[in-house]
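# Observations on the model geometry
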Amino acid sequence: MRFVASLALLLTFAAAAAGAPRRVLLIGQGSDGHPAGTHEFMLGVQVIEKLLAPFKDEIVATIVKADEPWAEGPALLDQADGVVLMVTQGAQWMQATPERDAALQRLCARKGALVALHWSVGAKDAKYIPGQLALLGGTRGGPQRKYIVLENDVHVAAPRHPVVAGLADFRINDEFYYRLDLQPPSPQFTALLTTPLDGREETICWAWERSDGGRSFGYVGIHFHKNWERVEYRRLVTQAILWTLRLPIPEGGLKDGQLTVP
């Protein structure tokens with residue numbers, strides 16, 4: 001038995017050394033009561049799957065519908081190298097059971113990738129703030145939780161960061177969360193996008209190189225499913241996933257042809 005276990009471990013290391021594809025879970029959920037065209041999380045992860053198709057040699061993406069109780073979740077998380085979340089009240093979802101919380105902790109401890117989009121960032125109850133903040137680098141909850149739907153200018157705050165390579169300032173109609181709880185400013189934490197709200201420039205997107213060696217990314221937008229039509233969003237999310245998985249991004253960003261959705 002010891003020989004078999006040792007052989008399995010050696011094969012695992014050999015696969016990693018050979019550049020085995022990263023295993024990524026694209027985690028969505030069914031309707032949470034929002035009107036059609038908003039919070040279309042399962043449709044959203046299908047778009048992401050298509051965006052990752054050109055990288056099939058580097059990424060094996062699997063769509064998962066994680067409606068509660070999602071009992072198989074911890075086992076799936078333990079097999080993944082990264083996760084992309086499009087779920088409702090993501091901070092609460094991440095901590096819904098001790099087993100799920102522990103599996104996500106293990107994922108991050110082994111330098112796994114963590115990406116959270118829209119309502120995957122935060123929860124209504126402030127008690128979930130510390131848990132998500134520790135893994136994702138940003139969150140929102142409790143009485144300071146603010147959000148607004150409007151057409152607004154979005155500014156690239158860190159143009160040299162690989163996630164926003166090739167991305168310029170843009171204007172878009174979306175639901176923006178703001179007054180976020182964020183990791184303190186540091187060389188490891190980068191505010192990527194900001195937008196002016198209530199008289200100040202608010203961080204709405206970030207990249208974080210965690211102390212465990214892994215990487216996290218959060219963006220509060222993509223309330224409206226139609227916004228996937230915008231190349232800016234397709235670029236941002238695709239490059240964020242590549243970055244969190246430590247895969248290369250061209251200096252000028254991906255070509256537009258790599259960001260099409262059939």
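Conventions we followed
- Residues numbered from 1 in each chain as written.
- Predicted model: local features only at pLDDT ≥ 70, side-chain atom pairs only at ≥ 80, totals over all residues.
- Heavy atoms only, no water.
- Helix = DSSP H or I, 4+ residues; strand = E, 2+ residues; numbered from the N terminus.
- Expected span 1.5 Å × (residues − 1).
- Buried < 20%, exposed > 50% of the residue type's maximum accessible area, 1.4 Å probe, protein only.
- Contact = heavy atoms within 4.5 Å.
- Phe/Tyr/Trp six-rings, centres within 6.5 Å; stacked < 30°, edge-to-face > 60°.
- Lys NZ or Arg CZ within 6 Å of the ring centre and 35° of its normal.
- Disulfide = S-S within 2.5 Å.
- Polar contact = N/O pair within 3.5 Å; in protein donor to acceptor, adjacent residues only side chain to side chain.

## Observations regarding helix α2 (residues 41–52)
Its twelve residues give α2 an end-to-end C-alpha distance of 17 Å, which sits within 8% of 16 Å, the value for a rise of 1.5 Å per residue. Among the residues of α2, F41, M42, G44, V45, V47, I48, L51 and L52 are the ones counted as buried. On its buried face, α2 sits against β1 (22–28), β2 (59–65), β3 (82–86), β4 (113–117) and α7 (231–244).

## Section: helix α6 (residues 129–136)
Listed in full, the buried residues belonging to α6 are I129, Q132, L133, L135 and L136. Note on α6: the residue one or two positions beyond its end, G137, has a positive phi of about 95 degrees.

## Some remarks on the packing of aromatic side chains
Two aromatic rings are characterised by how far apart their centres lie and by the angle between their planes. Counted under the stated rule, the structure contains four aromatic pairs. Ring geometry for W70 versus W93: centroids 5.3 Å apart, planes at 35 degrees, classification tilted. Here the residue W70 occupies a position in the loop between β2 and α3 (73–78), and W93 occupies one in helix α4 (residues 90–94), the gap between them amounting to 23 residues. On the accessibility criterion, W70 (3% relative accessible area) is buried. By relative accessible area, which is 3% here, W93 ends up buried. Centroid distance F170 to Y233: 6.0 Å. Interplanar angle 85 degrees. Geometry classified as edge-to-face. Taken together, the residues F170 in strand β7 (residues 170–178) and Y233 in helix α7 connect sequence positions 63 residues apart. For the pair formed by F170 and Y233, the shared burial category is buried. Ring pairs connect the aromatic residues F170, Y219 and Y233, which therefore count as one cluster. Across from the ring centre of W93, 4.7 Å away, lies the NZ or CZ of R100, which sits over that ring.

## Observations concerning the state of the cysteines
Here a disulfide denotes a covalent bond joining the sulfur atom of one cysteine to the sulfur atom of another. Within the structure shown, the criterion is met by zero disulfides. Free of any disulfide, C108 has its nearest neighbouring cysteine sulfur in C205, separated by 17 Å. For C108, a relative accessible area of 2% gives the class buried. The class of C205 is buried, set by a relative accessible area of 0%.

## As for the environment of D181
Checked against the element boundaries, D181 lands in strand β8 (residues 181–182). A relative accessible area of 25% means that D181 is categorised as partly exposed. Linking D181 and G141, residues 40 residues apart in sequence, is a C-alpha distance of 8.4 Å. Polar side-chain contacts of D181 include one of 2.8 Å to the side chain of Q144.

## Looking at unusual backbone geometry
With an omega of 15 degrees, the peptide bond between E68 and P69 qualifies as cis. Position of P69 relative to the elements: it lies in the loop between β2 and α3. Its identity is not glycine, yet H39 carries a phi of approximately 50 degrees, on the positive side. Positionally, H39 belongs in the loop between β1 and α2. We classify H39 as buried; its relative accessible area is 4%.

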